[in-house]
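Structural features, examined
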Amino acid sequence: MKISKIVSLVGSLICASSFAQLSPSAPMNVPVQDDWRYAKIQDTWHFTTGLGLSYRPTYLGASSSELRASPVLSATYGRYFLGGAGGTGSGGGLGLYLVTDERLRVGLSLGLGSSARKQSQDAHLYGLGDVASTQRGNIFASYKMDWLTARTNLSTDIGGKGEGSTVSFDLDARYRLDEKISLSAGTGLTWANVQNAQTFFGVSASQSANSGLARYSANSGVNQFRFSIGADYRLTPQWNLSSRLTSTTLTGSAAGSPITQSKSQDSFSVSAAYRF
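Basis of the calculations
- Residues numbered from 1 in each chain as written.
- Predicted model: local features only at pLDDT ≥ 70, side-chain atom pairs only at ≥ 80, totals over all residues.
- Heavy atoms only, no water.
- Helix = DSSP H or I, 4+ residues; strand = E, 2+ residues; numbered from the N terminus.
- Buried < 20%, exposed > 50% of the residue type's maximum accessible area, 1.4 Å probe, protein only.
- Contact = heavy atoms within 4.5 Å.
- Areas by Shrake-Rupley, 256 points an atom, 1.4 Å probe, with all protein chains shown as cover.
- Pairing = 2+ DSSP bridges.
- Axes fitted to C-alpha atoms, helices over the stretch in contact; angles between N-to-C directions.
- Phe/Tyr/Trp six-rings, centres within 6.5 Å; stacked < 30°, edge-to-face > 60°.
- Core = buried A, V, L, I, M, F, W, Y, C linked by side-chain atoms within 4.5 Å.
- Arc of directions from axis to C-beta.
- Polar contact = N/O pair within 3.5 Å; in protein donor to acceptor, adjacent residues only side chain to side chain.

Here's the deal with the overall build of the protein
- Secondary structure summary: the protein contains five helices and 12 strands in total.
- Out of the 276 residues in the protein, the part that is buried amounts to 46%.
- Residue pairs in contact within the protein that sit at least 24 positions apart in sequence constitute 61% of those at least 6 positions apart.
- Accessible surface for the protein amounts to roughly 12,400 Å². Of this, 60% is attributable to carbon and sulfur atoms.

Looking at the side chain of Asn-223
- Its location among the elements puts Asn-223 in strand β10 (residues 221–234).
- If we skip the residues at most four places from it in the chain, Asn-223 touches Thr-190, Ala-192, Phe-201, Thr-249, Leu-250, Thr-251 and Ala-254.

Examining the sheet that holds β10
- Read around the closed barrel, 12 strands run β1-β2-β3-β4-β5-β6-β7-β8-β9-β10-β11-β12, paired in antiparallel fashion. With strand direction ignored, the average angle separating the axes of adjacent strands in the sheet is 20°.
- Note that strand β1 (residues 45–57) and strand β12 (residues 264–275) share eight bridges and pair antiparallel. Across the sheet, residue Thr-49 finds its bridge partner in β12, namely Tyr-274.
- Sheet strands in contact with helix α3 (residues 194–201) are β8 (165–176), β9 (181–192), β10 and β11 (239–250), and its direction is about 100° off that of β9.

So, the pairing of strand β3 (residues 80–83)
- Bridge analysis of strand β2 (residues 65–77) against β3 gives four bridges, and the strand direction is antiparallel. Bridging from a neighbouring strand, Ser-74 pairs with Gly-83 of β3.
- Counting the residues that bridge the hairpin from β2 to β3 gives two residues, and of these Gly-78 lies at a positive phi of roughly 55°.
- Bridge count for β3 against strand β4 (residues 93–100) is four bridges, and the pairing is antiparallel. Opposite Tyr-80, over in β4, you have Leu-96 as the bridge partner.

Brief notes about the packing of aromatic side chains
- For the structure on display, the rule yields eight aromatic pairs.
- Here Trp-239 and Tyr-274 contribute two aromatic rings whose centre-to-centre distance is 5.1 Å and whose plane-to-plane angle is 55°, an arrangement assigned as tilted. Taken together, the residues Trp-239 in strand β11 and Tyr-274 in strand β12 connect sequence positions 35 residues apart.
- Judged by relative accessible area, which is 35%, Trp-239 ranks as partly exposed.

Things to note about the nonpolar core
- Counting 16 residues, the largest nonpolar core has Leu-128, Phe-201, Val-203 and Ile-259 as the members making the most contacts within it.
- A per-element tally of this core places α3 first, with three residues.
- Setting aside anything within four residues of it in sequence, one finds Val-203 in contact with Leu-128, Gln-198, Ser-208, Leu-213, Ala-214, Arg-215, Tyr-216, Pro-258 and Ile-259.

A closer look at the environment of Gly-127
- Of note, Gly-127 is situated in the loop between β5 (104–112) and β6 (135–145).
- Separated by 83 residues in sequence, Gly-127 and Asn-210 have C-alpha atoms that sit 4.6 Å apart.
- Residues contacting Gly-127, with those up to four places away along its chain left out, are Gln-119, Gln-207, Asn-210 and Ser-211.

Observations regarding α3
- Regarding α3, the residues found buried are Asn-196, Ala-197, Phe-200 and Phe-201. End-on, the buried residues of α3 take up no more than an arc of 95°, which puts them together on one face.
- Among the structural elements, β8, β9, β10, β11 and α5 (252–256) are those in contact with the buried residues of α3.

Concerning the side chain of Gln-265
- Of note, Gln-265 is situated in strand β12.
- Assessed through its relative accessible area of 0%, Gln-265 is described here as buried.
- One polar contact links the side chain of Gln-265 to the main-chain amide nitrogen of Gly-61, over a distance of 2.7 Å.
- At 2.9 Å, the side chain of Gln-265 and the backbone oxygen of Ala-62 are in polar contact.

The quantities given are spatial measurements derived from coordinates; they are silent on function.
Put into structure tokens, the structure is as follows:
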């Protein structure tokens, strides 16, 4: 089966937990309860379904925001997962864990980049053309140290759409108030290579002529710093309610691009998920 057909299937199961960090490869993330992220891997089926709502910038760099609803859908069997993979930072897709224990997770995933940008989304984008969704390959790792979790993810365009590669790193702290309620706070950054930066923040000569924006060459480097706070409420052993507020600041070429209308990119998300 061709990759494009596989990814089309995967795309329908990408979880709303791929919401969280605002980056070209994965815009936001609806958090998943800590117990679910690091439960012992077992060779049995587990499914998650629900709904997520997010209020986030229309595109990365926009000054306007929009409300979006997304299904929360995922399935896991042992080392394999389809849809969202909580705690990996990979944005979900079709993947597997190469290393699993109560603290360390390392794995690979294949999924649709959720960063498609259409010039019809905002008048400021007219003349730039669309940025299409692409298939992305991810290598991710996370390490849990009691109340602190470190995550990193390398994401690269394998669909040939010229969207390059990004590397993200995040630290999340979690405090459990009781058996039902936990609070979290985290910080992170995203680095982008030249190809990715130029696709999302560069303006070519032809784009400049069509849009009226100044020609701009974007460089590789760290283009995002973010801080987030969140809360989870375990309604029942199966039902989990989550919320997360993320404040992202664009830096480097992303901040200086004429495509960028605002360097501050704030988002808020809530979700309700049922696991069985």
